[in-house]
Amino acid sequence: MLSQPHHHQNPFPFFAVDAAFSEEQCATLEQLFLQDSTWQHRDGAFYRCSLREVTDEIPATFHHEILARMREITGLPLVERFMVTAQRMQPGHVIGIHSDRPLLGYEIARLVLQLNKNWQAEHGGVLELFASPEGEATFKVNPEYNKAFGFLLHAASYHGVTEVTQPRQTVVFNFWHVANTPELEAHIKALFANLHFSELPAALDPIAAAAEASLPEEVTYRAGTAAVALQRWGYDAATVVNGYQYSAGLDSNDTHDAETYAAVRLADWMAYLYRDSFNLARWKILRDELAGMERFTRLLPTWQLCLPEWG
Ligand SMILES: O=C(O)CCC(=O)C(=O)O
Ligand SMILES: [Fe+2]
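As the structure is a prediction and not an experimental result, all values here were calculated from the model. (Residues numbered from 1 in each chain as written. Chains lettered and ligands numbered in written order. Predicted model: local features only at pLDDT ≥ 70, side-chain atom pairs only at ≥ 80, totals over all residues.)

A. Seen up close, the overall build of the protein. The helix and strand inventory of the protein stands at nine helices and twelve strands. Based on the C-alpha atoms only, the size of the protein along its principal axes is roughly 70 × 40 × 35 Å. By residue count, 33% of the 311 residues in the protein fall in the buried class. Counting only contacts in the protein whose residues sit at least 6 apart along the sequence, the fraction spanning at least 24 positions is 79%. (Helix = DSSP H or I, 4+ residues; strand = E, 2+ residues; numbered from the N terminus. Buried ≥ 20, exposed ≤ 12 C-beta atoms within 10 Å, placed from the backbone. Contact = placed C-beta atoms within 7 Å.)

This is the structure we're talking about:
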């Protein structure tokens with residue numbers, strides 16, 4: 001299974017496999033396209049295809065084998081959770097350029113398996129990769145039978161599928177990173193429920209006003225959100241102010257005790273996940289910054305979801 005991946009770094013990290021699965025495995029997956037009743041039709045201007053969630057129809061042994069292999073190939077701490085979608089495109093269908101950036105609780109990696117016997121160039125449905133949403137395709141994957149394409153989802157993983165002239169069948173396997181699970185999503189959404197910046201301490205007002213006058217709204221919004229996390233965790237006004245300054249990129253010149261150091265960084269990460277998306281490079285920085293530290297009681301639920309012990 002997925003025995004000879006060819007790795008690429010441009011335009012973003014991905015791998016391609018020419019003969020991904022055994023004949024028997026392909027035959028099992030092809031069965032997923034025989035049922036006609038429950039397809040969901042997507043009919044947007046740039047996203048036209050039909051989808052069916054088929055997770056429960058994938059044998060458990062197959063799930064475990066593919067998960068183990070994806071862990072090996074990507075080197076990522078992928079959790080057991082798994083979701084599989086069958087995707088069908090009909091003549092005229094097309095998928096415009098998009099990135100699938102991993103929002104809070106979204107999957108981090110995908111494996112896209114093509115199941116089109118006798119594919120010809122005039123059938124279309126070529127998966128194209130882009131360095132930017134405006135540019136030319138820098139890599140193309142023909143949707144030939146048993147070809148697989150695996151990639152890490154991030155803000156710049158731009159891809160699309162050209163219009164098809166013949167029906168096209170694809171199975172998409174989704175994998176979650178241990179630090180961006182639906183459990184973390186629920187935790188963060190609860191933390192920020194009914195969020196109002198008016199709940200922040202008055203001591204923050206002059207600092208926030210000055211920051212808003214000079215920094216992009218996106219930055220001050222995120223800093224305010226980080227401050228709310230600290231406030232709701234029960235930290236004092238000085239810590240809330242520190243957190244705001246840290247997340248806005250303002251140097252407070254204070255030296256902090258270990259708990260403030262950790263709390264400010266975790267709050268910043270909460271706000272980043274909530275307002276932006278899961279960023280693997282940023283997560284690794286957080287992991288290294290907090291490595292080996294005592295996990296303070298007040299921060300423990302968040303800490304365990306963001307930086308679970310793995311392996
Ligand atoms: O059908 C394909 O080749 C790729 C579909 C897609 O955009 C995806 O799986 O993220
Ligand atoms: Fe996509």
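Back to the text.
B. Spatial organisation of the domain arrangement of the protein. For the protein, the assigned domains read domain 1 (6-177) and domain 2 (182-306). Contacts between the two partners involve nine residues from domain 1 and, on the opposite side, ten residues from domain 2. Class assignment for the residues of the side of domain 1 that touches domain 2 results in five nonpolar, three polar and one charged. (Domains from an automatic or database assignment. Nonpolar A, V, L, I, M, F, W, Y, C, P; charged D, E, K, R; others polar.)

C. Expanded view of the sheet that holds strand 8 (residues 127-130). Strands sit in the order 6-11-8-9 across an open sheet of four strands; the sheet is antiparallel. The open sheet has two edge strands, strand 6 (95-98) and strand 9 (137-141), and neither has a second partner. Here the average twist between neighbouring strands, direction ignored, is 20°. Note that strand 8 and strand 11 (residues 158-161) share four bridges and pair antiparallel. Directly across from E128, in strand 11, lies its bridge partner G160. (Pairing = 2+ DSSP bridges. Axes fitted to C-alpha atoms, helices over the stretch in contact; angles between N-to-C directions.)

D. View of the environment of L111. Locating L111 in the fold gives a position in strand 7 (residues 109-114). For the pair L111 and V172, spaced 61 residues apart in sequence, the C-alpha separation works out to 5.7 Å. Once residues within four sequence positions are removed from consideration, L111 is found in contact with M70, A148, G150 and F173.

E. Looking closely at the sheet that holds strand 7. Overall, antiparallel pairing links the eight strands, which are arranged 1-2-10-7-12-5-4-3 in an open sheet. Of all the strands in the sheet, the pair left with one neighbour each is strand 1 (6-8) and strand 3 (40-43). Between one strand and the next, the sheet's axes are offset by a mean angle of 25°, whatever the strand orientation. Set on the sheet, helix 2 (residues 60-74) makes contact with strand 2 (14-17), strand 5 (78-89), strand 7, strand 10 (147-152) and strand 12 (168-177); between it and strand 5 the angle comes to about 105°.

F. Inspection of the nonpolar core at higher detail. Core analysis: the largest hydrophobic core is formed by 67 residues, its most contacted members being A226, L230, A263, A267 and M270. Counting residues per element, this core draws most heavily on helix 7 (residues 258-275), at eleven residues. When residues are assigned to domains, this core turns out to be shared by domain 1 (6-177) and domain 2 (182-306), each giving three or more. Excluding its chain neighbours within four sequence positions, the residues that come into contact with M270 are I188, L191, A226, A229 and T302. (Core = buried A, V, L, I, M, F, W, Y, C linked by C-beta atoms within 7 Å.)

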